[in-house]
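Each chain, letter by letter, is given below.
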Amino acid sequence: MFIYWDGFEIDGSDTDFDIVLPENVQVWEFVACFLSLPIFSDAQKPSISCSQRGSRKERSLTPAELKEKLLAGNYPEMNITVLCRPMEQLPEEIREAIYAISERRVPHEAAYGKVENPCSTPIIQTYFGRGDMTVELRLPEPGAGRGVGEEDKITGYVFNVELLRSAHRENPCFQINVGPGFYYEYAMFIIDSLRDHFPGMGVCGGLDCRDGWTGGCTYANSLYYLERILLPVEHGVRHTLKRLTEYDIVRSWSYRHHDKGGWKYEYAQGFYLAGFPWWVKPPKDTSLSFSEYLELVDMAFELDDSPFSTTCETAIRIMLPTPEEYSQNPAASKELHASLPDSEDRNFTGYFSFTKIDGRPMVEFRVPYTMKKYLLTLLELAESGAIDFIKPLTWQRRHGNDG
């Protein structure tokens, strides 16, 4: 993620958990446990690399080569990078365990306890990049790692200080790194799980750029910020999409930038996907027309994937209309204004998609939890006919579109 301030970009921060194991724990045993954690993706295989002694170059390793080197006990510095699964792809018992971790976060984030149906951003990460859902395990050469010296500050997630302070160079030492935008709960789940398997290990660190667990940029992603709203598709996908677009409730945006006046957006004639499915070749301008998007939805339904996969395959970025855009009906505009949150909590961006629940087609919105009431009010006004006046305007704007 990035934080913007008066047009300047400030890079987000990583954080490390320093880990020391008792001498009697095999390095491969620890690494195998780490790789087996259910929070990590089984679709995207780990990226394993090692440095070449005397060179800055790195080479890739297979899991078999990794195991062989670790069991031999003579290996160069190595990195293992893995991706986490979105919450919707985790087993129910793991989701419950992760949600329970939020209670011990101090202080709680603003969204905690205020969302009825929390959901993830509808994108399944498939790349290894700094931040987001990426986790890196760093293994120094045997003997090159060290414990935490007397001069070092022990803060953050701290366990078994005695081992940290007294660790000799023979002790296996590691670092687990997470980047900007990671989930606090995911980080705690990873370290908690390793501690359960190796109760004698020492660990410290993990604080974000503000030396805390909330409000910084390391743990800037939230399990609770987005609210999921499902609506049945009553008269077919095409009819539903056409109705939502003619009221301007579903409207995609193509570009944004930031200046002293805030975020600036440009609206799109077509639809901009949140992330392209593997079976879609992105068009040159990355936008889809009305009919192209309908074809994509049909394809996603034919694949009959999980509901979350279908959501991700059809998700588009949307910008909800403001009350001012319905000022031709003052009563409707007033009702919309009344449903808005405080100004600092207003974020009109979100996601729209189609999915299937128990075989039934559904419309799915994912919007900031503070905007749930506003979206529901907008949908009620459309259903009542109070904003029918806008339909000729949207038709004129989209004239020539093949929808």
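Okay, so let's go over this structure.

Along the backbone of the protein chain there are 11 helices and 18 strands. With 403 residues in all, the protein chain has 48% of them scored as buried. If you take every contact in the protein chain between residues at least 6 apart in sequence, the share linking residues at least 24 apart comes to 77%. Split by element, the accessible area of the protein chain, about 20100 Å² in all, is 50% carbon and sulfur.

Before going further, it helps to spend a moment on the sheet that holds strand β3 (residues 15-20). Here we have 7 strands laid out as an open sheet, ordered β5-β4-β6-β8-β9-β3-β10, and antiparallel in their pairing. Looking at strand neighbours, the two that pair on one side only are β5 (58-60) and β10 (202-205), the edges of this open sheet. Strand-to-strand twist across the sheet, computed as the mean angle between neighbouring axes with direction ignored, equals 20°. Alignment of β3 against strand β9 (residues 173-178), held across 6 bridges, turns out to be antiparallel. By the bridge assignment for β9, threonine 15 is matched with valine 178. Lying on the sheet, helix α1 (residues 27-35) is in contact with β3, β6 (78-83), β8 (134-139) and β9; it crosses β8 at an angle near 180°. Against the sheet, helix α5 (residues 184-197) makes contact with β3, β8, β9 and β10, and its axis sits at roughly 5° relative to β3, the strand it touches most.

Turning our eyes to something else, we now look at the pairing of strand β11 (residues 226-232). The pairing of strand β7 (residues 118-119) with β11 spans 2 bridges and is classified as antiparallel. The partner of proline 118 across the bridge, within β11, is glutamate 227. Here β11 pairs with strand β18 (residues 360-368) via 7 bridges, running antiparallel. From the neighbouring strand, arginine 228 faces β18, where its bridge partner is arginine 366.

Glancing now at helix α9 (residues 330-339). Among the residues making up α9, those that are buried are Ala332, Ser333, Leu336 and Ser339. Taken end-on, α9 shows its buried residues confined to a sector of 125°, consistent with a single buried face. Within α9, the exposed residues directed more than 90 degrees away from the buried face are Pro330, Ala331, Lys334 and Ala338. For α9, the secondary structure elements touched by its buried residues are α10 (372-384).

Overall, the coordinates contain 15 salt bridges when judged by the stated rule. A salt bridge links aspartate 42 to arginine 85; the shortest N-O distance between them is 3.4 Å. Highlighted residues: aspartate 42 in the loop between α1 and β4 (47-51) and arginine 85 in the loop between β6 and α3 (92-101), separated in sequence by 43 residues. Look at aspartate 42 and you get exposed, because its relative accessible area is 53%. Among the salt bridges present, the one from glutamate 227 reaches lysine 372, with a minimum N-O distance of 3.7 Å. In this pair, glutamate 227 sits in strand β11 while lysine 372 sits in helix α10, placing the two residues 145 residues apart along the sequence. You'll find glutamate 227 and lysine 372 in the same group, each marked buried.

In this chain, valine 106 is followed by proline 107 through a cis amide linkage whose omega measures -5°. Structurally, proline 107 can be placed in the loop between α3 and β7. Even without glycine at this site, aspartate 211 takes up a positive phi of about 60°. Mapping aspartate 211 onto the fold places it in the loop between β10 and β11. Residues other than glycine seldom take positive phi values, yet aspartate 304 does so here, at roughly 55°. Take aspartate 304: its relative accessible area is 58%, and that puts it in the exposed class.

All right, on to helix α6 (residues 237-246) then. Turning to α6, its buried residues number three or more, namely Val237, Thr240, Leu241, Leu244 and Thr245. With its buried residues spanning 125° around the axis, α6 presents them on a single face.

The 5 strands lie next to each other as β7-β11-β18-β17-β16, forming an open sheet whose pairing is antiparallel. Edge positions in the sheet fall to β7 and β16 (316-319), since each of these pairs with one other strand and no more. Both strand β17 (residues 349-357) and β18 contribute to a ladder of 7 bridges, which runs antiparallel. When the sheet's bridge partners are listed, tyrosine 351 is paired in β18 with arginine 366. Against the sheet, helix α7 (residues 290-303) makes contact with β16, β17 and β18, and its axis sits at roughly 45° relative to β17, the strand it touches most.

The next subject is the side chain of serine 309. Here serine 309 is to be found in helix α8 (residues 307-314). Setting aside chain neighbours within four positions, we find serine 309 in contact with Gln89 and Ile124.

Let's shift gears to the nonpolar core. Core analysis: the biggest nonpolar cluster contains 57 residues, and Phe17, Ile19, Val135, Ile176, Tyr186 and Ile190 have the highest contact counts within it. Looking at this core element by element, the count peaks at 8 residues for α5. Tyr293, Ala332, Leu378 and Leu379 belong to the second largest nonpolar core, which has 41 residues in total.

What counts, and where the lines are drawn
- Each chain has its residues counted from 1, running along the sequence as written.
- Restriction of local features to residues with pLDDT of at least 70 applies here, the model being predicted, together with a cutoff of 80 or more for giving and counting side-chain atom pairs; totals for whole chains, interfaces and linings are based on all residues.
- Water and hydrogen atoms were dropped before computing side-chain values, which therefore reflect all heavy atoms in the structure.
- In this text, helices come from DSSP runs of H or I with a minimum length of four residues, and strands from runs of E with a minimum of two, each type numbered from the N-terminal end.
- Partly exposed describes any residue whose relative accessible area lies between the buried limit of under 20% and the exposed limit of over 50%, with all areas from a 1.4 Å probe on protein chains only and scaled to the type maximum.
- Any pair of residues with heavy atoms lying within 4.5 Å of one another is described as a contacting pair.
- Throughout, the Shrake-Rupley method with a 1.4 Å probe supplies accessible areas, and for residues the shown protein chains are the sole cover considered.
- In short, DSSP must find at least two bridges between two strands for them to pair.
- Angles run from 0 to 180 degrees between N-to-C directions of axes, and those axes are lines fitted to C-alpha atoms, restricted for helices to the stretch in contact.
- The arc refers to the directions leading from the helix axis to the C-beta atoms.
- Here, a salt bridge means any side-chain nitrogen of Lys or Arg that lies within 4 Å of a carboxyl oxygen of Asp or Glu.
- Each nonpolar core is a collection of buried residues, namely Ala, Val, Leu, Ile, Met, Phe, Trp, Tyr and Cys, held together in the definition by side-chain atoms within 4.5 Å.

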